[in-house]
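Below are the chains, spelled out letter by letter.
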Amino acid sequence: MKIGIFGGTFDPIHKGHVAVGLYALKQFRLDRVLFVLSARPPHKQKDKPVASVQHRLAMVRLALRRYTRLKASNLEVNRRGLSFTIDTIKILKKRFPKARFYFILGQDSYEDMKHWREADEIKREVQFLVAGRPGYRIKKQNEPDVSRIRMPLCHAASSMIRKAIAKDPKSVTDLPSCVIRYIKRHGLYRGRA
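Cut-offs applied
Residues numbered from 1 in each chain as written. Predicted model: local features only at pLDDT ≥ 70, side-chain atom pairs only at ≥ 80, totals over all residues. Heavy atoms only, no water. Helix = DSSP H or I, 4+ residues; strand = E, 2+ residues; numbered from the N terminus. Rg over C-alpha atoms; globule rule 2.2 N^0.38 Å. Buried < 20%, exposed > 50% of the residue type's maximum accessible area, 1.4 Å probe, protein only. Contact = heavy atoms within 4.5 Å. Areas by Shrake-Rupley, 256 points an atom, 1.4 Å probe, with all protein chains shown as cover. Lys, Arg positive; Asp, Glu negative; His and termini not counted. Charge placed at Lys NZ, Arg CZ, Asp CG, Glu CD. Salt bridge = Lys/Arg side-chain N within 4 Å of Asp/Glu carboxyl O. Core = buried A, V, L, I, M, F, W, Y, C linked by side-chain atoms within 4.5 Å. Arc of directions from axis to C-beta.

**Some details on the overall build of the protein**
Now for step 1: Tallying secondary structure elements over the protein gives 7 helices and 6 strands in all.
Now for step 2: Order of helices (α) and strands (β) in the protein, N terminus to C terminus: β-α-β-α-β-α-β-α-α-β-β-α-α.
Now for step 3: Against the compact-globule benchmark of 16 Å for 193 residues, the protein has a radius of gyration of 16 Å, which places it among compact chains.
Now for step 4: Projecting the C-alpha coordinates of the protein onto the three principal axes gives extents of approximately 45 × 35 × 35 Å.
Now for step 5: A burial count over the protein gives 46% of its 193 residues as buried.
Now for step 6: Partitioning the contacts of the protein with sequence separation of at least 6, the portion at a separation of at least 24 is 69%.
Now for step 7: Accessible surface, the protein: about 10800 Å² in total, of which carbon and sulfur atoms supply 49%.
Now for step 8: Of note, the protein has its 42 positive side-chain charges centred 8 Å away from the centre of its 16 negative side-chain charges.

See the structure below:
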């Protein structure tokens, strides 16, 4: 079994996130992609997620409900403490001992990996699938454990979407319609970005 792991705060999940999951699924013939919601991201202790973990998980589930092989994971939500990638990988390896794991992330996150806890251990445990990001030059990867996700460059960013919602929710087009309805129903991101 080939399992993709796509972690993030998803505050909120947008069409670009879903597209990355779908392109990785198809290009690398994955059996499933787990969208692992980072409940307490260590790199965002000063800039904490705006929406609660419950709202973010609900939005991820809504955005993925029509895709049978894209799944929302509450693994880090149910675990205490900060959400470290290496811990998540170890847990998933125990749950799926025969699976091969692929870690999906953007070029920006990949370049920041040197700051992650046990980055070298992570590199030994998974194959990286890297999506291009605006403002980041695609570098030729010399590492055998890194593959490029071939897809159009996604310009959507959760931070920009939150700002747009705070100003004018009707102007937002980068979200699945079910997520837009959820945000409106719960009054999320109004006046806060």
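**Let's talk about the pattern of salt bridges**
Now for step 1: Within this structure, the stated rule accounts for 5 salt bridges.
Now for step 2: Asp11 is paired through a salt bridge with Arg162; the nearest N and O atoms lie 3.9 Å apart. In this pair, Asp11 sits in the loop between strand E1 (2–8) and helix H1 (15–27) while Arg162 sits in helix H6 (residues 158–167), placing the two residues 151 residues apart along the sequence. Neither residue differs from the other here; Asp11 and Arg162 are each classed as buried.
Now for step 3: As a salt-bridge pair, Glu125 and Lys93 come within 3.0 Å of each other at their nearest N and O atoms. Taken together, the residues span a long stretch of sequence, with Glu125 in helix H5 (residues 119–125) and Lys93 in helix H3 (residues 85–95) at a distance of 32 residues.
Now for step 4: A relative accessible area of 23% places Glu125 in the partly exposed class.

**Thoughts on the nonpolar core**
Now for step 1: Of all hydrophobic cores here, the largest spans 41 residues; its most connected members are Ile13, Leu30, Phe35, Met59 and Ile104.
Now for step 2: Of all the elements in the fold, those that place two or more residues in this core are H1, strand E2 (32–37), helix H2 (53–64), strand E4 (100–106), strand E5 (127–131), H6 and helix H7 (177–186).
Now for step 3: Among the elements that line this core, the one with the most residues is H2, at 7 residues.
Now for step 4: If near-sequence neighbours (up to four positions away) are discounted, Met59 is found in contact with Pro12, Ile13, Ala51, Val179, Tyr182, Ile183, Leu188 and Tyr189.
Now for step 5: Core analysis: the next-biggest nonpolar cluster, separate from the first, contains 21 residues, Ile86, Leu92, Leu105 and Met113 among them.

**Thoughts on the environment of Leu70**
Now for step 1: In this structure, Leu70 sits in strand E3 (residues 70–73).
Now for step 2: Exposure remark for Leu70: the relative accessible area of 3% places this residue in the buried category.
Now for step 3: Taking the C-alpha atoms as reference points, Leu70 and Pro176, separated by 106 residues in sequence, lie 15 Å from one another.
Now for step 4: Here Leu70 is in contact with Val18, Gly21, Leu22, Leu25, Val33, Phe35 and Leu64, once residues within four sequence places are set aside.

**Some remarks on the side chain of His14**
Now for step 1: Along the chain, His14 turns up in the loop between E1 and H1.
Now for step 2: A relative accessible area of 4% places His14 in the buried class.
Now for step 3: Other than its neighbours up to four places away in sequence, His14 contacts Cys154, Ala156, Ala157, Ser158, Ile161, Asp174, Leu175 and Pro176.

**What about H6?**
Every α-helix winds through 3.6 residues per turn, so residues three or four apart in the chain are directed the same way.
Now for step 1: Residues Ser158, Ile161, Arg162 and Ile165 constitute the buried set of H6. The arc enclosing the buried residues of H6, seen along the axis, measures out at 100°, which places them on a common side. In H6, the exposed positions that point more than 90 degrees away from the buried face belong to Met160, Lys163 and Lys167.
Now for step 2: Of the surrounding elements, those touching the buried residues of H6 are H1 and H7.

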